[in-house]
Amino acid sequence: MYCQTSAELETFLLRAQKVTTEGEVAHYIPALKNVDKNTLAMSIYHGQNQCFTVGNTEHTFTLQSISKVLALALALMDHGQEVVFSKVGMEPTGDPFNSIAKLESTKTARPLNPMINAGALVVTSLIKGAGLQEKIGRLLSFVHEMTSAPERKYDEAVAMSEYHTAHLNRSLAYFLKQHKVIEDDIEELLELYCYQCAIEVTCYDLARIGAIFAREGQDPESGRTILPAHIARICKTFMVTCGMYNASGEFAIKVGIPAKSGVSGAIMASVPEWGGIGIFGPALDEKGNSIAGIHLLEMLSSNYELHIF
Ligand code: GLN
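Residues numbered from 1 in each chain as written. Predicted model: local features only at pLDDT ≥ 70, side-chain atom pairs only at ≥ 80, totals over all residues. Heavy atoms only, no water.

**Focus: the packing of helix 2 (residues 67-79) against helix 9 (residues 186-197)**
Packing of helix 2 against helix 9 brings their axes to within 9 Å, and their N-to-C directions diverge by 120°. Taken together, the axes of helix 2 and helix 9 are oblique relative to one another. With respect to the hand of their crossing, helix 2 and helix 9 are arranged in right-handed fashion. Within the contact between the two elements, helix 2 uses Ser67, Lys68 and Ala71 and helix 9 uses Tyr193, Gln196 and Cys197. Grouping the constituent residues of the contact of helix 2 with helix 9 by class yields three nonpolar, two polar and one charged. (Axes fitted to C-alpha atoms, helices over the stretch in contact; angles between N-to-C directions. Helix = DSSP H or I, 4+ residues; strand = E, 2+ residues; numbered from the N terminus. Parallel < 35°, antiparallel > 145°, perpendicular 65-115°, else oblique. Left-handed = near helix turned anticlockwise from the far one by under 90°. Contact = heavy atoms within 4.5 Å. Nonpolar A, V, L, I, M, F, W, Y, C, P; charged D, E, K, R; others polar.)

Here's what the structure looks like:
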């Protein structure tokens, strides 16, 4: 699809870009370090077929935690709500995304929600498939369907870089296996999780995915149902309550748009009945959210009255 630029959006982008110097790129996954922290790009998918783009939107980057929303949608389609929510809860934690603290204090050792790493590992373990290749293939096909970009694949270097250094995620997964919340082989699960997080996308892809969630699971161009409306609603609700990690409350008040971020510096936002927004700005704030991305969303929300509350 042809994407237009917009002078107003350029102004917002330049204003937001000033804060990139205050953030840091993610360091704990070695392969994520090699990126220019001043990069900032945004695409907007508006209505049925309007696209706007500003900044260097040619960049591809990895989904990281945004993949948690897609894995959740797939697991819900595979098993239904009863099974999924018997293993993972629906409550925000107020803790960092990789925290282990609440697992031990929760009676059933069930992670509090699917947007924290512990919960996401459980969700990923529920994705159906005969083995690693089939499961990652299903996740990729889902991304291809949503982005309408069948050439998307995962970044092997980022996946392996995370797999070999994922000591904390490994601990979370083994803890959950000990308590029978996860039944899979943990090393294979971690590999799958790292591949899932390393799926490459562009800002346009994220905007298009956001637009599908905004339209209750329907493809904005073809009108085809990509996921059932009730699952789109569950995903958007988690994006509001837990999508921006332990900054979700403040973000809901200041921006008020369902959104999910990833430590690559990506944000996927979904504005009901309006469209989707995809942002890439790898300089992160102390909670792990794109610092300039949050600024941009604040500006969009107030200028175009996108706050849903
Ligand atoms: N792959 C990352 C991790 O598990 C995703 C985290 C994130 O984007 N917040 O640590």
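Once you've had a look at it, read on.
**Things to note about the nonpolar core**
If you look at the biggest cluster of nonpolar residues, it comprises 57 residues, and the most contacted ones within it are Met146, Phe213 and Leu227. Only helix 2, helix 3 (81-87), helix 6 (132-147), helix 7 (156-165), helix 9, helix 10 (203-214), helix 11 (229-242) and strand 6 (266-271) provide two or more residues apiece to this core. By residue number, the principal contributor to this core is helix 2, which donates eight residues. Residues contacting Met146, with those up to four places away along its chain left out, are Leu70, Arg208, Ile209, Ile212, Phe213, Ile226 and Leu227. Within the second largest apolar cluster, 30 residues are counted, among which are Leu40, Ile44, Ile294 and Leu297. (Core = buried A, V, L, I, M, F, W, Y, C linked by side-chain atoms within 4.5 Å. Buried < 20%, exposed > 50% of the residue type's maximum accessible area, 1.4 Å probe, protein only.)

**Observations regarding the side chain of Asn117**
Mapped onto the fold, Asn117 is located in helix 5 (residues 117-125). Look at Asn117 and you get buried, because its relative accessible area is 3%. Of note is the side chain of Asn117, whose polar atom sits 3.0 Å from the side chain of Asn169. Once residues lying within four places of it in the same chain are set aside, the contact partners of Asn117 are Ser65, Lys68, Phe97, Asn98, Asn169, Leu172 and Tyr193. (Polar contact = N/O pair within 3.5 Å; in protein donor to acceptor, adjacent residues only side chain to side chain.)

**So, helix 8 (residues 167-178)**
Over its 12 residues, helix 8 runs 16 Å from end to end, which matches the ideal 16 Å to within 8%, given 1.5 Å per residue. Considered for burial, the residues of helix 8 that qualify are Asn169, Arg170, Leu172, Ala173 and Leu176. Along the long axis of helix 8, the arc covered by the buried residues comes to 160°, so they all point the same way. Residues of helix 8 that are exposed and point more than 90 degrees away from the buried face comprise His167 and Gln178. Along its buried surface, helix 8 packs onto helix 4 (101-105), helix 5, helix 7 and helix 9. Lys180 occupies a position one or two residues after helix 8 and carries a positive phi of about 60°. (Expected span 1.5 Å × (residues − 1). Arc of directions from axis to C-beta.)

**Some thoughts on the site of the ligand**
In the region of the ligand, 13 residues are neighbours, and Tyr28, Gln64, Ser65, Tyr193 and Tyr245 sit closest. Within the side chain of Tyr28, a nitrogen or oxygen atom sits 2.5 Å from an oxygen atom of the ligand. The side chain of Tyr245 places a nitrogen or oxygen atom 2.8 Å from a nitrogen atom of the ligand. Within the complex, the protein chains bury 99% of what would otherwise be the 300 Å² of accessible surface of the ligand. Most atoms of the ligand, that is more than half of them, are within 2 Å of grid points of the second largest cavity. (Near = heavy atom within 4 Å. Areas by Shrake-Rupley, 256 points an atom, 1.4 Å probe, with all protein chains shown as cover. 1 Å grid on protein atoms, 1.4 Å probe; cavity = no way out; pocket = protein on both sides within 12 Å on 5 of 7 lines; lining within 4 Å. Sits in = over half its atoms within 2 Å of the grid points.)

**Some points on helix 7**
Within the sequence span of helix 7, burial applies to Val158, Ala159, Ser161, Glu162 and Tyr163. Of the surrounding elements, those touching the buried residues of helix 7 are strand 3 (61-62), helix 8 and helix 9.

**Re the pattern of salt bridges**
Counted according to the given criterion, the structure contains 13 salt bridges. In this structure, Lys102 and Asp95 form a salt bridge, with 2.8 Å as the shortest nitrogen-oxygen distance. Between Asp219 and Arg208 there is a salt bridge, and its shortest N-O distance comes to 3.1 Å. Note that Asp219 is positioned in the loop between helix 10 and helix 11 and Arg208 in helix 10, a separation of 11 residues in sequence. Since its relative accessible area comes to 2%, Arg208 is described here as buried. Several salt bridges share partner residues, and in doing so they unite Glu151, Arg152 and Asp205 into one network. (Salt bridge = Lys/Arg side-chain N within 4 Å of Asp/Glu carboxyl O.)

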